[in-house]
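What the coordinates show
If you want the building blocks of each chain, they are given just below.
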Amino acid sequence: MTAGMLAVTTEPAAACAVLRDEWLDLEQRAEPTVFLSWQWLGHWLRVYRPDALVLRVREEGRLVGLGLIVETEERRHGVLKSRCLRLHQTGHKMLDQIWIEYNGFLAERGKEDVVAKACLNHLCRNMPGWDEFILGAIDADEADQYARITGLYKHLRWEAPCFGVDLEGLRRNGEGYLETLSRNTRYQINRAHRRYCKRGTVRLVRPDSVEEAVATFDQIGPRHLERWGSGPDQSGFANPDFVRFHRELIRSEWKQGGVDLVRVMVGDEQIACFYNLLHNQVVYFYLGGMAVEADNRLKPGLLGHSLCIEDYRERGFKYYDFMGGDERYKSNLGQFHRNLVQVALQRPRFKLKLEDVARRARNRWLGEVSVSNER
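All values derive from a computational prediction rather than experimental measurement. (Residues numbered from 1 in each chain as written. Predicted model: local features only at pLDDT ≥ 70, side-chain atom pairs only at ≥ 80, totals over all residues. Heavy atoms only, no water.)

1. Examining the packing of helix α7 (residues 210-228) against helix α8 (residues 240-253)
Here is the rule: Note on geometry: axes are C-alpha line fits, over the in-contact stretch for helices, and angles between N-to-C directions span 0 to 180 degrees. Numbered from the N terminus, helices here are DSSP runs of H or I no shorter than four residues, and strands are runs of E no shorter than two. Note that the term roughly parallel is reserved for angles under 35 degrees, roughly antiparallel for angles over 145, roughly perpendicular for angles of 65 to 115, and oblique for everything else. What makes a crossing left-handed is the near helix being turned counterclockwise from the far one by less than a right angle; a clockwise turn instead makes it right-handed. Any pair of residues with heavy atoms lying within 4.5 Å of one another is described as a contacting pair. Classification used: nonpolar for Ala, Val, Leu, Ile, Met, Phe, Trp, Tyr, Cys and Pro, charged for Asp, Glu, Lys and Arg, polar for all others including Gly.
Running from N to C, α7 and α8 point in directions that differ by 150°, and their axes come no closer than 9 Å. Viewed along their axes, α7 and α8 adopt a mutual orientation that is roughly antiparallel. For the crossing formed where α7 meets α8, the hand is right-handed. On α8, the residues touching Val210, Glu211, Ala213, Val214, Phe217 and Asp218 of α7 are Val243, His246, Arg247, Ile250 and Arg251. The class makeup of the residues in the contact of α7 with α8 is 6 nonpolar, 1 polar and 4 charged.

Okay, here's the thing in structure tokens:
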């Protein structure tokens, strides 16, 4: 399919011997987040081996866009079967718990819009068999753009705000991180720091080897399970596929500086531990495990994040990204920078329209019940 001077082609990823080289070359001409880098997606292909289709966009023979599409079937409500396309996800719940964020097509700098349009038009015109194109988690404005390009109905499945800290801006303005926080948040952090100092020296400790890095990741597990639970859609540490993905990612990326594991120590006691992804001088906070304190004046998470943020600022990183989530600590410690959504772009199928009518009726009923209960 050709759109202006752009040509879009497809090929099974398993048959593409040059995909790694192509992806890394295009990365140098693009501005990807870690989730659109080969660091993440190359690992995703190696570990999970999805039956993915490579989408290539060329401009006069030069590669300017890439994406990985997976075809799946989704069954809902026991009767509805939907044929889905997914971007950089498998469609298998346990495998997708690694939860890609800032999703989209990898595109040469300045060509993001034309690449997205070419890819979406190709999917709509040349792959007629699907019912829904599942996109997540993607920037909300980008999801709106994709809906306009395709003319398809956008069903919102999930949404969350993103918060972060502009480390480059702090250095430029000559500010320390704590100076930028609200008076109350700064007080809580300083109070926790003073009280922890009575127990011992507060410091950040990093692994000295790959084995120690993996062991540090494993140490987060019990705290994370305790905080988030071991059921479906709760802590990833209850999911062997999730654990396998990240243990192998640490093994492949720790020496290269693609991941960072940080322990917050008070004397010999660990009060917090963080697992971060690093890419292009951006820190992506992925998960952490915090000690449970009987004294609520001790804030291991707030203190740990603040120490890490200051450490990354001093080390020259550009941004500390808390990523998607409306947890209070993220808004207290960072500034809002975008909304993320998961959407389904739906073709005009009767079964999907019927589902939407039922969903709206259910939501109205739940809303009426909620209002009634508040009276």
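2. Points about the packing of aromatic side chains
Stated precisely, the cut-off is as follows: Planes of paired rings set the category: under 30 degrees apart is stacked, over 60 is edge-to-face and the rest tilted, where pairs are Phe, Tyr or Trp rings (Trp by its six-membered ring) whose centres lie within 6.5 Å. Residue exposure (1.4 Å probe, protein chains only): buried if accessible area is under 20% of the type maximum, exposed if over 50%, otherwise partly exposed.
Applying the stated criterion to the full structure yields 22 aromatic pairs. Relative to Tyr284, the ring of Phe35 has its centre 6.1 Å away and its plane inclined at 75°; by these criteria the two rings are edge-to-face. In this pair, Phe35 is assigned in the loop between α1 (19-28) and α2 (38-48) and Tyr284 in strand β12 (residues 282-290), connecting sequence segments 249 residues apart. Side by side, Phe35 and Tyr284 carry an identical accessibility label, which is buried. Summarising the aromatic geometry, the rings of Tyr312 and Tyr320 are spaced 5.9 Å apart at their centres and angled 40° between planes, so their arrangement reads as tilted.

3. Some remarks on the environment of Arg62
In this structure, Arg62 sits in strand β4 (residues 62-76). Taking the C-alpha atoms as reference points, Arg62 and Leu26, 36 residues apart in sequence, are found 9.9 Å from one another. Other than its neighbours up to four places away in sequence, Arg62 contacts Arg29, Val57, Glu108 and Lys111.

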